[in-house]
Amino acid sequence: MNSGNTSYPRPVCGENRRVSPDEALELLTRVPVGDLMRRAYGARAERFPGRVVTYVLDTNPNYTNVCVTGCRFCAFSRPQGHAEAYTLSPRSLAERVRKSYERGATTVLLQGGHHPGLRLSDWLAYVRCIRAACPHIHIHPFSPSEVVFLSKTTGAPVPEILGALYAEGIRTIPGGGAEILCDRVRARIAPEKATAAEWLAVAETAHRMGFRTTATMMFGHVETDEEIIEHLVRLRDLQDRTGGFSSFIPWSFKPGNSPLGKEVCQSAHPLRYVRVLATARLVLDNIDHIQSSWFSESITAGQLGLLAGADDFGGILFEENVLQQAGHQRATTLDTVLTVIRRAGFVPARRDSLYNVIEEHDDAAAGADVLARVLARRTDCTERGR
Amino acid sequence: MNSRAQHIADALVKGAAGRRLNPSEAMALVDEPTPDLLQALGDAAHANRVARHGNRATYVFNVQINPSNVCSGRCEFCRYSVESLDDPRAYSLDEHEILEKVTHLAPTEVHITGGLNDLWPYERCRDLVRELRSQHAALHIKAFDAVEVEHFATASGEGVAGILAELIDAGVNALPGGGAEMFSERLRQRFWPGKMPARQWLAVHEQAHRIGLPTNATMLFGLGDTWEERVDHMLALRSSQDRCPGYECFIPLAYQPGDTDPVAHGPTPFVSLYVLALARLVLDNIPHIKSYWPSLGVPAAAAGLGYGADDMDGTLSEERIMHAAGASAPGGLARRRMAEMITIAGFEPVERDGLFHPVAASRGDRIGTRVSPQDDSASRPFRVSMIPYGNMAPYVQLGPPEGGSFVEEFPRASLASLRAGSVVASCAPVGGLPRLRGTVDCLGAFGIAARGPVQSVLLLSHVPFDDLRASDSVWVTDETASSVRLLCLLLGRDRGSGDLPRRAFDLAQASAALVIGDNAFLAHVRDGLYRGVRYPHVIDLSGEWYQRTGLPFVFARWVVRRDAPAHVRESLTAWLEQFRSREDELVAAAVPGEAQRLGLPADRVADYHAGVVRVLGPDEIRGQEAFLREWRLYSGTLAGGEPQWIAP
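Since we're looking at a predicted model, the values are computed, not measured.

Colleague: Talk me through unusual backbone geometry; I want residue IDs and the actual numbers.
Modeller: Of note in the backbone geometry, A:Tyr355 takes a positive phi value of approximately 65° without being a glycine. Note that A:Tyr355 resides in the loop between strand S9 (347-351) and strand S10 (357-360). The backbone of B:Asp527 sits at a positive phi, close to 55°, despite the residue not being glycine. Among the structural elements, B:Asp527 can be located in the loop between helix H22 (517-525) and strand S18 (529-530). For B:Asp527, a relative accessible area of 59% gives the class exposed.

Colleague: Pulling in residues and values, what's your account of the nonpolar core?
Modeller: Grouped together as the largest cluster of nonpolar side chains are 189 residues, with contacts concentrated most on A:Met37, B:Trp201 and B:Phe250. Judged by nonpolar contacts, the second largest core, of 79 residues, contains B:Leu486, B:Leu541, B:Leu576 and B:Trp631.

Colleague: Any details on helix H6 (residues 158-167) of chain A? Residues and values, ideally.
Modeller: Residues and elements named next belong to chain A. Along H6, the residues that are buried comprise Val158, Ile161, Leu162, Ala164 and Leu165. Down the axis of H6, the buried side of the element spans an arc of 155°, and every buried residue falls inside it. Elements that come into contact with the buried residues of H6 comprise helix H4 (120-133), helix H5 (144-154), strand S4 (172-173) and helix H8 (196-209). Downstream of H6 by a residue or two, Gly169 has a phi angle that is positive, lying close to 95°.

Colleague: Please give an account of the interface of chain B and chain A that cites residues and values.
Modeller: The interface is formed by 49 residues belonging to chain B together with 43 residues belonging to chain A. Between A:Arg38 and B:Asp43 there is a salt bridge, with the nearest N and O atoms lying 3.4 Å from each other. Between the two partners, chain B and chain A, sit 11 residue pairs in polar contact (both at pLDDT 80 or more). Broken down by secondary-structure element, the contributors of at least two residues to the side of chain B that touches chain A are helix H1 (3-16), helix H3 (35-53), helix H11 (262-265), helix H12 (269-282), helix H14 (298-304), helix H16 (335-344), helix H18 (393-398) and helix H24 (566-598) of chain B. No other element matches H3(B), which puts 9 residues into the side of chain B that touches chain A. Each residue belonging to the side of chain B that touches chain A can be placed in one class, and the counts come to 27 nonpolar, 15 polar and 7 charged.

Colleague: So what's going on with the pattern of salt bridges? Which residues, and what values?
Modeller: Counted according to the given criterion, the structure contains 54 salt bridges over all chains. The residue A:Glu23 makes a salt bridge to A:Arg17 at a minimum N-O spacing of 3.1 Å. In this structure A:Arg17 comes out as partly exposed when scored by relative accessible area, which is 49%. Of the charged contacts in the structure, one is a salt bridge between B:Glu594 and B:Arg597, with a shortest N-O distance of 2.6 Å.

Colleague: Hey, could you go over the confidence of the model for chain B for me, with residue numbers and the actual values?
Modeller: Residues and elements named next belong to chain B. Here chain B averages 86 in pLDDT, while 90% of its residues score no lower than 70. H12 holds the highest mean pLDDT among the elements of chain B, 98, whereas helix H17 (residues 364-367) holds the lowest, 33. Every residue in residues 328-332 scores below 50 in pLDDT, and together they form 14 contacts with partners more than four places removed in sequence or on other chains. Every residue in residues 361-378 is under pLDDT 50, and counting partners more than four places away or in other chains gives 30 contacts.

Colleague: Which residues make up a negative patch on the surface, and what are the values?
Modeller: A cluster of like negative charges, contributed by A:Asp335, A:Asp362, A:Asp363 and A:Asp369, occupies part of the molecular surface. Following the sequence through the fold, A:Asp369 ends up in helix H15 (residues 367-383).

Colleague: An account of the environment of B:Ala302 is requested, with residue identities and associated values reported.
Modeller: Tracing the sequence through the fold places B:Ala302 in helix H14. Between the C-alpha atom of B:Ala302 and that of B:Phe152, which follows or precedes it by 150 residues, the distance is 36 Å. Setting aside residues no more than four positions away along its own chain, B:Ala302 makes contact with A:Val33, A:Leu271, B:Met312, B:Met341 and B:Ala345.

Colleague: Lay out the environment of A:Val147 with the relevant residues and their values.
Modeller: Residues and elements named next belong to chain A. Within the fold, Val147 resides in helix H5. A relative accessible area of 1% places Val147 in the buried class. It is 9.7 Å that separates the C-alpha atoms of Val147 and Pro159, two residues lying 12 residues apart in sequence.

Definitions and cut-offs
- Residues numbered from 1 in each chain as written.
- Chains lettered and ligands numbered in written order.
- Predicted model: local features only at pLDDT ≥ 70, side-chain atom pairs only at ≥ 80, totals over all residues.
- Heavy atoms only, no water.
- Helix = DSSP H or I, 4+ residues; strand = E, 2+ residues; numbered from the N terminus.
- Buried < 20%, exposed > 50% of the residue type's maximum accessible area, 1.4 Å probe, protein only.
- Core = buried A, V, L, I, M, F, W, Y, C linked by side-chain atoms within 4.5 Å.
- Arc of directions from axis to C-beta.
- Contact = heavy atoms within 4.5 Å.
- Salt bridge = Lys/Arg side-chain N within 4 Å of Asp/Glu carboxyl O.
- Polar contact = N/O pair within 3.5 Å; in protein donor to acceptor, adjacent residues only side chain to side chain.
- Nonpolar A, V, L, I, M, F, W, Y, C, P; charged D, E, K, R; others polar.
- pLDDT = per-residue confidence, 0-100.
- Patch = residues over 30% accessible without salt bridge, like charges linked within 9 Å, V, L, I, M, F, W, Y side chains within 5 Å.
- Areas by Shrake-Rupley, 256 points an atom, 1.4 Å probe, with all protein chains shown as cover.
- Lys, Arg positive; Asp, Glu negative; His and termini not counted.
- Charge placed at Lys NZ, Arg CZ, Asp CG, Glu CD.

Listed below in structure tokens is the structure:
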């Protein structure tokens, strides 16, 4: 099988010189798409030769949909007291997680709305209850924007909050709430949310404490091309200092049922997604992983992303509330993802939340086989008394 | 580097330079397709493409005409054809429809192809071409693929050469590339046993080339064909071009699996881009490679411009064949959107004619650069006024028309904007239309109407409707222009003008309140509760009108300013047609969001929407005319011509 260490003539990328903001803008907007994709693919191949595309088996419960931040692009949140508002008790949350765990989830991405009544103790209760129900699941909780909100609401300093999580064994934090890291945009789409500087400060503090976090970006609304580049450069600069970002995940804003959706009526062209992703790979020369998402975009766009610099395909979700509410529906199964990756020309491989590859799948492996092995490993572990 | 890799590397160098690859080199490129190799191929194909075509990507404004889907061919994968007119999906257009459409849209090119049947026998097809030619001297007519030509030849008893000569005479400029499928004998036996063999397809094309007809060539891939079969297909075309040149463009088509699992069987960018790059490298003697977006999907087709393709297929109107097989690419892309997509892909969009020449710059209208008050820069969207009520939510689901953007305005405000020209189109209150006569035209028959109660135009009253008198007063929301006139009419027709209630400007003092839109609907749901006051009488004005006249009431009509540029009208017309064909789906999609926004159960909201008529029929038009007539008569009896209530 082709190891991928090909010696075919390959387009040169970067030439060991860092991409400047001007060049980045050129990449994002003007370079012909094939050249852009090939350069980004080349950068990916230098870092990760071969045909492997990773994914993780995860579950995404939301502990509450009560939120007072009022981001204009969100159709998920509800005011306190609303008929559809909910806040899960630690036990209910842990129960949901346990169910997903029993179906094969190896990690739980835990996020929620900014609930003014929740305290750090509630967060810790969630973590502890999940631990008690599923000692071996990887907990990947909260986000810089949730941390900023909790800090402002309760007065607890950010390091204290992060320190408490660290003490509970948390080692990774999702990169939610980044949107576009430019305050002009934030003022228009989420004026009450953490500022760009606040978001970055939480990420920095977390990295210095030893957490690995992801970085995200939501584009395709009111941002300019320059602001996308600024977002990427700010992430790169922070990564230079701390090295704590494990991956970068962009997605396009879906108009649907939100106030911003009524203002921005058409979603970004799928080709734009491919360009953003490829540009990100070339600009973020210090972040290992770039994630392409068939779930948030389309299967075709997701597959094109793999040819444009992405090496990861994200999570196989057992539950996901936020995107569904904004009018965006997807059925998700492991078999679908394996097929999509294979037909894109790649070899699927299961990973953990630290992006370690657990196993590469050969052509014959179906979703059921993969899950069976996941569950069998656990039984082994339990029997060995781990 | 091992020898196999060296062999491939050498082949790619040759291909990038436009030199011919021998069959062994071509096969080496598909020996083990991987993403790495795709990128290398793409790089070489792109270099080849740039040397031929620079950074330009062409598209043509064409209209596809499929005269009938009745077909005797019965090819295995085809979901487009039906056996006879008895099938509910069957259709057969007539000349009138076809000619009217071509005249209306005025494309650069028409592409005529369809099924093999007796409804459109050879003579009728030929005469259609004649008629098109006589009405459109410059139209590029690309008509009838090799399968159809062969069928005509057999049915008429003339030879292929004779048919082709007659078609040229009638006005055909080129033959489309369909009917080739996959040349492989193995697949032809499996899927198309009755179809003409590959050598016959090639012979028809070579015959066409001999008498001066340029042609296209296609390849259908993705239905179990191997990479070797794909290369063989291309090599066969290359040889045919060597023997008898005339192929202008090669068009790979991805198999559409229809109902079967598209994830497992549908087109995938990896294969589509690989095929495009391979084609550019192998077909050194065919000038153009087309990315056919109805088949490959828009993102892969656009990316394809960087993997060897230099042409995006035209702005199709009503492409039916791929869509019958379940292709999910959008049915029609306006030219503007095509140019935008090409620009996003990083290429220079060039509109072309049927012979792949750039369209003359003098045809300014065609390229959409005409300046007008509404659109003085090609990139600024034209403004469409949108009423921010729930009943317009399905339009919001659809999104704005191509090149346009929404501006939220209450109904009355949109009249002022239309008059001033700050918006170019609006779903305007019918009551305000008489004042706009001469400034706007109706855009088809679309708007907001109801037959009977509408639940969102209400008179909330402390006093029964029939008892409202001069001593009473009515508060009227600022938002309305139609409903207030309707209310006047309903109140005034049966009473003397001295007996009309006054207009109140303080809601708290009023005996009744005229409320419209979401506020009205909520008041209706809450049994007359509005701004903290419960009104015992809730009078649905549309219901009242219906009781008195037996006719629907049209509240608003989609109209466009008469001086709007052609491309704006085109875009709006296409948009409303899209709405018409998807109305149920858009309403259903809007309901959950509306239910959440209003804080109501979904079925209540669905029920409301079910009562709103947006696509107007003859009854609605009669209702509208009756209202305007009545209003004219009534307001003519008033001093000053307008009741005191109507603000200017």
